[in-house]
Amino acid sequence: MHSKIRKILTGIGTKREDFSVAFSLSDVPEIEHFVGREEELAEIRRTIRSDGSRRTVVLHGLGGIGKTQLTIAYAKRHRDNYSAVFWLNIKDKDSLKQSFAKAAKQILREHPSAGRLSSVDIMENFDEVIDAVKAWLNLPNNTRWLMIYDNYDNPKLPGNTDPTAVDIRKFLPESYQGSVIITTRSSEVKIGHRIRIRRLEDVHDSVKILSNASRREGLIDGKDFLDL
């Protein structure tokens, strides 16, 4: 790793136990009102309620079924349990590298004493930035972070010959600490605790979603709901 980047993000000049980063979901597509999925939210929380060691959850299911929104709801509800929450788009390597660059900026915005990236072109040194962010997450006592890898829909698995497939293991911090959530359409991703996300079965939840989307209140009590 470039020595300047290593100094920037490996914690030199920072307080050893201060790893807090302001919570942000900018650029993450979220709906205004999240409905249902309380059982899944509770299972995620039980699984990655960490004692400092690594905990990983994989949310898998059909596209458009609500995996991303479920993860957003979890992050917003439990953000105070984490020192930092980073959202990474892992649909392809380019998206992932840009997400790591954003994470680097978030870290430096909160910890300017760790150094500055003025001498490094973040957009041109993606691989070094990825290594640097991972090094920061690997630091001793930096155990309360949450990394979310969204849209892992083209995983590098045995039998997948697509040259653009992504091997997520290359982008996970090496130290056995912190919490990880992965969303994917693939049922073959077997990292940590797997939770299958199914379609909503409660018709009341479905009508709430319809009501929120259409901005029509009172659907559940009206003729439209009875017809449905």
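Residues numbered from 1 in each chain as written. Predicted model: local features only at pLDDT ≥ 70, side-chain atom pairs only at ≥ 80, totals over all residues. Heavy atoms only, no water.

Asker: Could you give an account of the overall build of the chain, naming the residues involved and the relevant values?
Answerer: For the chain, the helix and strand inventory stands at 7 helices and 5 strands. Along the chain, helices (α) and strands (β) appear in the sequence α-α-β-α-β-α-α-β-β-β-α-α when read from the amino end. Residues classed as buried in the chain amount to 46% of the 228 residues present. Considering only intrachain contacts with a sequence separation of at least 6, the fraction spanning at least 24 residues in the chain is 79%. Carbon and sulfur atoms provide 46% of the accessible area of the chain, an area that totals close to 12,500 Å². (Helix = DSSP H or I, 4+ residues; strand = E, 2+ residues; numbered from the N terminus. Buried < 20%, exposed > 50% of the residue type's maximum accessible area, 1.4 Å probe, protein only. Contact = heavy atoms within 4.5 Å. Areas by Shrake-Rupley, 256 points an atom, 1.4 Å probe, with all protein chains shown as cover.)

Asker: An account of helix α2 (residues 38-48) is needed here, citing residue identities and associated values.
Answerer: Inspection of α2 places Glu40, Leu41, Ile44, Arg45, Thr47 and Ile48 among the buried residues, and these make up the whole buried set. Projected down its long axis, α2 shows its buried positions confined to an angular sector of 165°, all on one face. Pointing more than 90 degrees away from the buried face of α2 are the exposed residues Glu39 and Arg46. Contacts made by the buried residues of α2 are with β1 (55-60), α3 (67-78), β3 (145-150), β4 (179-184) and β5 (193-196). (Arc of directions from axis to C-beta.)

Asker: Give me the lowdown on the packing of aromatic side chains, citing residues and values where you can.
Answerer: Counted according to the given criterion, the structure contains 4 aromatic pairs. Ring geometry for Phe86 and Trp136: centres 6.3 Å apart, planes at 80°, overall edge-to-face. In this pair, Phe86 sits in strand β2 (residues 84-89) while Trp136 sits in helix α5 (residues 126-137), placing the two residues 50 residues apart along the sequence. Assigned by exposure class, Phe86 and Trp136 land together as buried. Cluster of aromatic residues (ring-pair linked, three or more members): Phe19, Phe86 and Trp136. (Phe/Tyr/Trp six-rings, centres within 6.5 Å; stacked < 30°, edge-to-face > 60°.)

Asker: So what's going on with the sheet that holds β2? Which residues, and what values?
Answerer: Here we have 5 strands laid out as an open sheet, ordered β2-β3-β4-β1-β5, and parallel in their pairing. The open sheet has two free edges, formed respectively by β2 and β5, since each of these has just one partner strand. Across the sheet, the mean angle from the axis of one strand to that of its neighbour is 15°, orientation sign disregarded. The pairing of β3 with β4 spans 4 bridges and is classified as parallel. Within β4, the residue paired with Ile148 across the bridge is Ile181. (Pairing = 2+ DSSP bridges. Axes fitted to C-alpha atoms, helices over the stretch in contact; angles between N-to-C directions.)

Asker: Go over unusual backbone geometry with me, naming the residues and quoting the values.
Answerer: The phi angle at Asn141 is positive, at roughly 75°, despite the residue not being glycine. Position of Asn141 among the secondary structure elements: in the loop between α5 and β3. For Asn141, a relative accessible area of 43% translates into the label partly exposed. One non-glycine residue with positive phi stands out, namely Asn151, at about 70°. Relative to the elements of secondary structure, Asn151 occurs in the loop between β3 and β4. Residue class for Asn151 comes out partly exposed when judged on its relative accessible area of 25%.

Asker: How would you summarise α3 if you had to cite specific residues and measurements?
Answerer: Taking 1.5 Å as the rise per residue, α3 with 12 residues should run 16 Å; its terminal C-alpha atoms sit 17 Å apart, in good agreement. With respect to burial, α3 is a largely interior element, 10 of its 12 residues being buried. The inward-facing, buried residues of α3 contact α2, β1, β2, β3 and β4. (Expected span 1.5 Å × (residues − 1).)

Asker: Account for the packing of helix α4 (residues 93-110) against α5, naming residues and giving values.
Answerer: With their axes 9 Å apart at the nearest point, α4 and α5 run at an angle of 50° to one another. In terms of orientation, α4 lies oblique with respect to α5. Crossing of α4 over α5 shows left-handed handedness. In contact with Lys97, Gln98, Phe100, Ala101, Ala104 and Ile107 of α4, α5 contributes Phe126, Asp127, Val129, Ile130, Val133, Lys134 and Trp136. (Parallel < 35°, antiparallel > 145°, perpendicular 65-115°, else oblique. Left-handed = near helix turned anticlockwise from the far one by under 90°.)

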